[in-house]
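# Summary of the model geometry
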Amino acid sequence: MSLRVLGCSGSIAAGCRTTSFLVDEDILIDAGTGVGDLPLDELARIDHILLSHSHLDHVLGLPLLADSVMRRRAGQPPIQVHALPATLAVLREHVFNNLLWPDFTRLPHPRHPVLSLHEISTGQHLVLGRRERHIEVLPARHSVPAVGFGVEGAQGWWIYTGDTGPNPALHPLLANRPVQHLVIEIAFSEAERSVAADSLHHCPSTLAAELAHVPAGARVHLTHIKPGEMPAVLGDLTERLPGLALHPLTAGDRLDWD
Ligand SMILES: Nc1ncnc2c1ncn2[C@@H]1O[C@@H]2COP(=O)(O)O[C@H]2[C@H]1O
């Protein structure tokens, strides 16, 4: 199984794209600005979009993608958008409201729209995509309702925490399965510890505590670091966790697992 990192930054700047991962060619996990680097043909192959939460850095690509692919997907089923009810409510009220953006859940035709919205819940197991991928909706603790996602391979899992602060509910779920890749968020350096706590993100001290629960054998990837903060975050984590190999994600990375 293979996944492409389209974006993994905590915000924008030159060379920084926000969160978006492509599983196979048809399942998108989060629709941050990174998805906008896909060629139009590849955008049009996306059949499912899973959203971890409603924040702009994770959904910004969705309304633009709908407009871009509407013509190419004429005659095809809608792209299914899967998210918590609270996340879908934000999209309906604040994005697809015909003010910020047209309602692409009714366009180009109310009976044949380019997008359809589907509720998910924490703990749910989904089977999605042309290759019938098994995806689990995982708990997350963020400033708005949020989830993470796990994608199962034949021998192990790719786990994405979503945006989250310390998240004890995830620990037993990690312990109970073979994890090949853990993509875990850290947004802030230790100097912004109080912002991290207020906004429910990790900084080095909270991430170090969280990583005590990572199963042996998992490759740990860092995502969502705010632009400009990489040296401070990595320097601090290396001092706190001298024995642990940490891999900061970069847009363009490809993760493979069995
Ligand atoms: N209390 C806060 N103080 C400063 N910045 C914040 C605060 N809450 C949220 N933010 C910023 O707003 C951003 C919203 O998206 P994120 O949760 O990725 O990251 C958040 C922070 O960068």
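Further up the page is the structure itself.
Structure report, in brief. Remember, it's a predicted structure, so these values are computed and weren't measured experimentally.

## Details of the overall build of the protein
When helices and strands are tallied, the protein shows eight helices and 16 strands. Since a compact globule built from 258 residues should have a radius of gyration of about 18 Å, the 18 Å found for the protein is in line with a globular shape. Its C-alpha atoms give the protein principal-axis dimensions of roughly 55 × 40 × 30 Å. Burial statistics for the protein: of 258 residues in total, 53% are counted as buried. Partitioning the contacts of the protein with sequence separation of at least 6, the portion at a separation of at least 24 is 59%. Taken as a whole, the protein presents about 11,000 Å² of accessible surface, with 54% of it coming from carbon and sulfur.

## Quick notes on the site of the ligand
As a structural note, the neighbourhood of the ligand is formed by His-55, Asp-57, His-142, Asp-163, Phe-188, Val-195, Asp-198, Ser-199, His-201, His-224 and Lys-226. His-142 has a polar side-chain atom sitting 3.3 Å from an oxygen atom of the ligand. When the ligand is considered free in solution it has 450 Å² of accessible area, and contact with the protein chains removes 56% of it. In terms of residue count, the dominant contributor to the shell around the ligand is helix α6 (residues 193–199) (three residues). Looking at the shell around the ligand residue by residue, the class counts come to two nonpolar, five polar and four charged.

## So, the side chain of Thr-223
In this fold, Thr-223 is placed in strand β14 (residues 219–223). Note on Thr-223: relative accessible area 2%, which makes it buried. The residues touching Thr-223, leaving out its near neighbours within four places in the chain, are Cys-8, Phe-21, Val-183, Ile-184, Glu-185, Ile-186 and Leu-249.

## Quick notes on the state of the cysteines
Counted under the stated rule, the structure contains zero disulfides. With no disulfide of its own, Cys-8 lies 8.5 Å from the sulfur of Cys-16, the closest cysteine sulfur. Overall, the relative accessible area of 10% leaves Cys-8 in the buried class. Lacking any disulfide linkage, Cys-203 is separated from the closest cysteine sulfur, that of Cys-8, by 19 Å.

## What to know about the packing of aromatic side chains
According to the stated counting rule, one finds four aromatic pairs in the structure shown. Aromatic side chains Phe-21 and Tyr-160 sit 5.1 Å apart centroid to centroid with 70° between the ring planes, which places their arrangement in the edge-to-face category. In this pair, Phe-21 is assigned in strand β2 (residues 20–23) and Tyr-160 in strand β12 (residues 157–160), connecting sequence segments 139 residues apart. Residue class for Phe-21 comes out buried when judged on its relative accessible area of 0%. Aromatic ring contacts, followed pair by pair, group Phe-21, Trp-158, Tyr-160 and Trp-257 into a single cluster. Between the NZ or CZ atom of Arg-177 and the centre of the ring of Trp-157, over which it lies, the distance is 4.5 Å.

## So, the pairing of strand β11 (residues 147–152)
Counted residue by residue, β11 has five buried out of six residues, so it is predominantly covered. Two elements, β11 and β12, share four bridges in a ladder whose sense is antiparallel. Within β12, the residue paired with Gly-150 across the bridge is Ile-159.

## A look at the sheet that holds β11
With mixed pairing, the seven strands of this open sheet are ordered in space as β9-β10-β11-β12-β13-β14-β15. On the outer flanks of this sheet lie β9 (125–128) and β15 (246–248), each paired with one strand and no other. Within the sheet, the average angular offset between the axes of one strand and its neighbour, ignoring direction, is 25°. Examined bridge by bridge, strand β10 (residues 133–139) and β11 share five bridges and lie antiparallel to one another. Bridged to Glu-136 within β11 is Gly-150.

## As for the pairing of strand β1 (residues 2–7)
Each regular strand displays side chains that alternate between the two surfaces of the sheet. The element β1 is extensively covered by neighbouring structure, given that five of its six residues are classed as buried. Bridge count for β1 against strand β16 (residues 254–256) is three bridges, and the pairing is antiparallel. Following the sheet pairing, Leu-3 is matched in β16 by Leu-255. One ladder, built from four bridges, connects β1 with β2; its direction is antiparallel. Bridged to Gly-7 within β2 is Ser-20.

Reading guide: rules and limits
Residues numbered from 1 in each chain as written. Predicted model: local features only at pLDDT ≥ 70, side-chain atom pairs only at ≥ 80, totals over all residues. Heavy atoms only, no water. Helix = DSSP H or I, 4+ residues; strand = E, 2+ residues; numbered from the N terminus. Rg over C-alpha atoms; globule rule 2.2 N^0.38 Å. Buried < 20%, exposed > 50% of the residue type's maximum accessible area, 1.4 Å probe, protein only. Contact = heavy atoms within 4.5 Å. Areas by Shrake-Rupley, 256 points an atom, 1.4 Å probe, with all protein chains shown as cover. Near = heavy atom within 4 Å. Polar contact = N/O pair within 3.5 Å; in protein donor to acceptor, adjacent residues only side chain to side chain. Nonpolar A, V, L, I, M, F, W, Y, C, P; charged D, E, K, R; others polar. Disulfide = S-S within 2.5 Å. Phe/Tyr/Trp six-rings, centres within 6.5 Å; stacked < 30°, edge-to-face > 60°. Lys NZ or Arg CZ within 6 Å of the ring centre and 35° of its normal. Pairing = 2+ DSSP bridges. Axes fitted to C-alpha atoms, helices over the stretch in contact; angles between N-to-C directions.

By themselves these figures say nothing about function.
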